[in-house]
Amino acid sequence: YSDIWVSAALAGVAASFSSGRGGADFGALSDLPTRSEAAIKGSAYMVAWMYVIREFEDAIDDCVSCDSGLCNEHSADASVHAWDEGVAFYAGSLEGPAGSTDGVMAYRLAEKRCANFKTCGSSGKQAEGMSQVNYDLSVLFLEGKQQLLAGDCAAVRPTVDKIVSKMTTPLVQGTLRYAFKVGQQGVSDLESKAEGAVFAASVLPLVHHCDTLSGRSDAATIYEPMKIGSTATGYWPDVKAAFERNYGCLGITCAEVGGILDANGVKYEMGASPCTGAEPIYAPIAGYLPGSDVTEHAKIDLDQKEMAVALAKGDYAAATKAYKQGGNSMKSGGARTLQGFSLSAKSKMYDGCHGCPYKHFSMF
């Protein structure tokens, strides 16, 4: 996907995809600002961005399956070397040991956008300083490295998922920034429109994935008015709302994205303040951001706890009641129960269900 986009921009030809999404005709609109922005930002924020994640995935593979340093070059610990490569590709050499405005990769994008959206500082509430994204990523990078060194391969997967969400935030901010400039303020220079298009293209696959879960068409709502060659105007509110509907799916929040500051960096532009969760952003569950309300479902652990408390006293009657009747995790027809999980399992996972029998249930 990313190579087709960048190569087409460099060659001045059309980029088309079998999915029918994300196309861009650099032959029809072949001016230097358009092709230059599409190629430069596409290379950094699509090609290299994706490969950073590939290295983190490779680190997990090496941790699980590599018995020697031969499965990755230059390191006795292949998984850690792959992890280090991911961080290197994220930041690049121009950032130096402590970060530098000379940087041109995803690390620098996070720094630029935090000043536009007031998401700098460890709290993410400032308009200057290191971006909250890079603060958080520095912690996650170290955490992943320590997990790999300890051989705790399974623990690395949640860490990588969090990293991807953090890396997504500046792409969303970039898309929103140019959707506001072009789609609200009426900026019409070719460079700004091309920047908006490439940022929209960078997040298109992520939002489309969310569409497959929600049944919406938010990816098209974002990309179509911003694509190369579009003459659409007034689309800012639609793009903003489309993104906000998918923050839970993307693993990011309104506060992490922030809002667009005015030219003086003092207040937010009208209509561009941070969202406040009109589309519900539900409470995290052990680091996971659910896209729906499962508050009552999670309370099943209170029945489990009541069982343990009762059995610690030898109170089998109370333990049986907690197991069979529950009372903490409510649903429309009453209380869901731990016993119900088992009694309904065969009908839901073995007999008559879509895709039956479920692979793991059949093992039992």
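Rules and cut-offs
- Residues numbered from 1 in each chain as written.
- Predicted model: local features only at pLDDT ≥ 70, side-chain atom pairs only at ≥ 80, totals over all residues.
- Heavy atoms only, no water.
- Helix = DSSP H or I, 4+ residues; strand = E, 2+ residues; numbered from the N terminus.
- Buried < 20%, exposed > 50% of the residue type's maximum accessible area, 1.4 Å probe, protein only.
- Contact = heavy atoms within 4.5 Å.
- Areas by Shrake-Rupley, 256 points an atom, 1.4 Å probe, with all protein chains shown as cover.
- Core = buried A, V, L, I, M, F, W, Y, C linked by side-chain atoms within 4.5 Å.
- 1 Å grid on protein atoms, 1.4 Å probe; cavity = no way out; pocket = protein on both sides within 12 Å on 5 of 7 lines; lining within 4 Å.
- Points joined across faces, edges and corners; volume = space filled by probe spheres on them.
- Expected span 1.5 Å × (residues − 1).
- Bend = angle between axes of the 7 residues up to and from the residue.
- Polar contact = N/O pair within 3.5 Å; in protein donor to acceptor, adjacent residues only side chain to side chain.
- Disulfide = S-S within 2.5 Å.

### Describing the overall build of the protein
Thought 1: A tally of helices and strands in the protein yields 17 helices and four strands.
Thought 2: The proportion of buried residues among the 364 residues of the protein is 42%.
Thought 3: When contacts within the protein are restricted to residue pairs at least 6 apart in sequence, long-range pairs at least 24 apart make up 56% of them.
Thought 4: Accessible area for the protein stands at about 18600 Å²; split by element, carbon and sulfur atoms hold 55% of it.

### Considerations on the nonpolar core
Thought 1: Judged by nonpolar contacts, the single largest core of 75 residues is most densely connected at Trp 5 and Tyr 90.
Thought 2: Contact partners of Tyr 90, with chain neighbours within four places excluded, come to Val 52, Met 105, Ala 106, Tyr 107, Ala 110, Val 133, Asn 134, Leu 137, Phe 141 and Met 167.

### A closer look at empty space enclosed by the protein
Rolling a probe over the atoms, with the probe sized like a water molecule, indicates the empty space that remains.
Thought 1: Counted according to the given criterion, the structure contains two cavities of 30 Å³ or more.
Thought 2: The volume enclosed by the largest cavity comes to roughly 80 Å³.
Thought 3: If you go around the largest cavity, you meet 15 residues; those closest to its centre are Leu 176, Lys 240, Glu 244, Gly 258 and Ser 273.
Thought 4: Of all elements in the fold, only helix H9 (236-244) and helix H11 (254-257) reach the threshold of two or more residues within the lining of the largest cavity.

### Focus on helix H2 (residues 32-65)
Thought 1: Compared with an ideal rise of 1.5 Å per residue, which puts 34 residues at 50 Å, H2 spans 47 Å between its outermost C-alpha atoms and is within 8% of the ideal.
Thought 2: Of all bends in H2, the biggest is about 40°, found at Gly 42.
Thought 3: For H2, the side-chain oxygen to backbone nitrogen distance between the N-cap and Thr 34 is 2.8 Å, and the N-cap itself is Asp 31.

### Some points on the side chain of Glu 95
Thought 1: Looking at the element boundaries, Glu 95 is found in the loop between helix H3 (78-91) and helix H4 (106-117).
Thought 2: Here the side chain of Glu 95 touches Arg 108 through a polar contact of 2.6 Å, side chain to side chain.
Thought 3: When residues no more than four places from it in sequence are discounted, the contact partners of Glu 95 are Ser 100, Gly 103, Tyr 107 and Arg 108.

### Some points on the state of the cysteines
Thought 1: Under the counting rule described, the total for this entry stands at four disulfides.
Thought 2: Here Cys 63 is linked by a disulfide to Cys 153, with a sulfur-sulfur distance of 2.1 Å. Residues Cys 63 and Cys 153 are joined through a disulfide that is left-handed, its torsion about the S-S bond being -80°. Separated by 90 residues along the polypeptide, Cys 63 in helix H2 and Cys 153 in helix H6 (residues 153-183) bring together distant segments of the chain. We note that Cys 63, like Cys 153, is buried.
Thought 3: Across the disulfide from Cys 210 sits Cys 249; the S-S distance is 2.1 Å.

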